[in-house]
2 protein chains.
Amino acid sequence: MATSIQDRQEVSSVRDPRQIRATEQVSKPQQYAHEHPRPSVTVDIALFTFAQNELKILLIARKAPPFAGYWALPGGFVAIGEELEAAAQRELAEETGLRNVKLDQMHTFGAPDRDPRTRVISVAHLALIGQDALAHNPALAADDAADARWWNAYALPQLAFDHADICAIALTRLRSMLGNIETACRLLPAAFTLTQLQLVYECVLDEPLDKRNFRRKVLDTDLLEDTGVKTKGDHRPARLYRLRA
Amino acid sequence: MATSIQDRQEVSSVRDPRQIRATEQVSKPQQYAHEHPRPSVTVDIALFTFAQNELKILLIARKAPPFAGYWALPGGFVAIGEELEAAAQRELAEETGLRNVKLDQMHTFGAPDRDPRTRVISVAHLALIGQDALAHNPALAADDAADARWWNAYALPQLAFDHADICAIALTRLRSMLGNIETACRLLPAAFTLTQLQLVYECVLDEPLDKRNFRRKVLDTDLLEDTGVKTKGDHRPARLYRLRA
DNA sequence: GCAAAAGTGTTCCTTATACACCCATGT
DNA sequence: ACATGGGTGTATAAGGAACACTTTTGC
């Protein structure tokens, strides 16, 4: 029998080493700078939504070189005292006006030549948003801003840097996260129909799903609740669901 | 119906943007340095093995401040023109003599105060190794080096920096990777018994498994083949298996 | 012969899959 | 009335979980 089960307890009783630092002798920050030329560090954000029955990703048109005229993921430099996720939140707010979007760190891209100017290491993040969150931002909501546009995630233009790689990994990551129904819901408005949710799954997984099996599986989890409201439209109204609190 | 299926083709036909760079006007690298104070970037490696019926992780004793006397994950600075994974391979070779170990990038740790000297962003990697790979390195194989030692992954000492967080995430990641039998095999020698493999699963998942169900599930995948060799020891000899090529 | 670890099948239950028709609304 | 998308149940297959005894070796 492995000893892991008994030993587990000891881990949580270890004191947080951050509380001990102050008592140690610390070398000067400058000491580092001479020894190691430092790369720049950026964050990039792959922001997805689901609209017009398509999985969409937000891209920004670059105005300055390198890659002027190309499309790129939103992102930018990490400030020297800034958490990585805070940097991603700040860049997202600066470039889209969106705040308090849940961000998942995804992968760090560090090929030495990925930026032709200098060494830039980029920590890529994944973010999912429902269309209703865009309502406050007319440019993004209307999908016609001169420099920011939603693109079908399966039909991207040429991208700057290695952003095509980042998008590909983002899509793979998103796919692997669909086991959690909540993930798919994050791509939709707060209230949505089961058909919309199924379309999200079909679009991200890129395969058709059986309607009855899908609905049973989703409703059996008890993660969704009926809002009591129904859609109004051309045909039979559909129940609107929301994530249960 | 989602349009993703038809559109998928267009992605792969997009030209690699890296081939286009040379034609663009490029700003000078120095331009960056003034605008953004740059962090240092390191790689850390959580190297696991399975020995003495325990999941073990390799730690290095720190001799210099900060955290002198503490144990830490192997790792070090990324050179300015170096791939992240190459840096991790180099550091692993320098500190343990191990080469050509498969490395998986795991997570990037960027809390501004995680290193008391200066801003250091660390890209953490996960590596798994069988005991037979350690045979060439007597110090590591004997587990008695003054400054490098294998520790039970569930009973770690106090760790430098945020390495306790890194170890915790490494263990979680390792757990999530056990769906692939190959992952568990990477913690064992090239030839191993099914009981050893089961112990790996039980130790990493931290739960007992049924012997008959486990053996059936593993053998049904057809990923293992019988080496024809058996163990010699105190009791009934066991078949030794290896990963099928 | 006994201690210790290796090896081996069957039953039950849960979960996934395949499949087709009626319903509510707008025009 | 018809076009359009919303909504529903059942039967079969597959996979996961529970469970105990015999075999082979060293001492």
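Residues numbered from 1 in each chain as written. Chains lettered and ligands numbered in written order. Predicted model: local features only at pLDDT ≥ 70, side-chain atom pairs only at ≥ 80, totals over all residues. Heavy atoms only, no water.

## Description of the packing of helix 7 (residues 194-205) of chain B against helix 8 (residues 211-220) of chain B
Residue and element names in this part refer to chain B. Selection rule: The convention used is that axes are lines fitted to C-alpha atoms, helices contributing only their stretch in contact, and that angles between N-to-C directions extend from 0 to 180 degrees. The secondary structure listing takes helices from DSSP runs of H or I that are at least 4 residues long and strands from runs of E that are at least 2 residues long, numbered from the N terminus. Angle categories: roughly parallel below 35 degrees, roughly antiparallel above 145, roughly perpendicular from 65 to 115, and oblique for all the rest. Throughout, a residue-residue contact means that at least one pair of heavy atoms, one from each residue, lies within 4.5 Å. In this classification, the charged set is Asp, Glu, Lys and Arg, the nonpolar set is Ala, Val, Leu, Ile, Met, Phe, Trp, Tyr, Cys and Pro, and all remaining amino acids, among them Gly, are polar.
Put simply, helix 7 and helix 8 touch, their axes get as near as 11 Å, and they point 105° apart. With respect to helix 8, the element helix 7 is oriented roughly perpendicular. In this structure, helix 7 contributes Leu194, Thr195, Leu197, Gln198 and Tyr201 to the contact, and helix 8 contributes Lys211, Phe214, Arg215, Val218 and Leu219. Tallied by class, residues from the contact of helix 7 with helix 8 come to six nonpolar, two polar and two charged.

## Topic: the pattern of salt bridges
A side chain with one charge can pair with a side chain of the opposite charge if their charged atoms come near. Residue and element names in this part refer to chain A. Quick note on the threshold: By salt bridge we mean one thing: a side-chain nitrogen of Lys or Arg within 4 Å of a carboxyl oxygen of Asp or Glu.
The final tally for this structure, using the stated rule, is 24 salt bridges over all chains. Close ionic contact of Arg242 with Glu225 constitutes a salt bridge, the shortest N to O distance being 2.9 Å. You can see Arg242 sitting in strand 9 (residues 239-243) and its partner Glu225 sitting in strand 8 (residues 224-230), a full 17 residues away along the chain. Sharing partners across several salt bridges, the network here consists of Glu82, Arg90, Glu91 and Glu94.

## Considering unusual backbone geometry
Omega for the bond connecting Pro65(A) with Pro66(A) falls within 30 degrees of zero, at 0°, which places this linkage in the cis form. Following the sequence through the fold, Pro66(A) ends up in the loop between strand 2 (54-61) and strand 3 (71-72). Not every positive phi belongs to a glycine, and Asn53(B) is a case in point at roughly 55°. Inspection of the secondary structure puts Asn53(B) in the loop between strand 1 (40-51) and strand 2 (54-61).

## Notes on the protein's contact with DNA strand D
This is how it is decided: One heavy atom within 4 Å of a molecule or strand makes the whole residue count as near it. Contacts described as polar in this section are N or O atom pairs within 3.5 Å, which, within protein, must combine one atom able to donate a hydrogen with one able to accept it, while residues neighboring in sequence count only if both atoms come from side chains.
Among the 20 residues in the neighbourhood of DNA strand D, the closest are listed as Lys211(A), Arg215(A), Arg239(A), Asp234(B) and Arg236(B). A breakdown of the atoms of DNA strand D within 4 Å of the protein gives sugar and phosphate a share of 40%. Interatomic distance of 2.7 Å between a side-chain N/O atom of Arg215(A) and a phosphate oxygen of DNA strand D. With respect to DNA strand D, the side chain of Asp210(B) contributes an N or O atom lying 3.1 Å from a base nitrogen. For the surface near DNA strand D, the secondary-structure elements that each account for two or more residues are helix 8 (211-220) of chain A together with helix 8 of chain B. Of the residues forming the surface near DNA strand D, the biggest block, five residues, is contributed by helix 8 of chain A. Grouping the amino acids of the surface near DNA strand D by side-chain chemistry returns three nonpolar, six polar and eleven charged.

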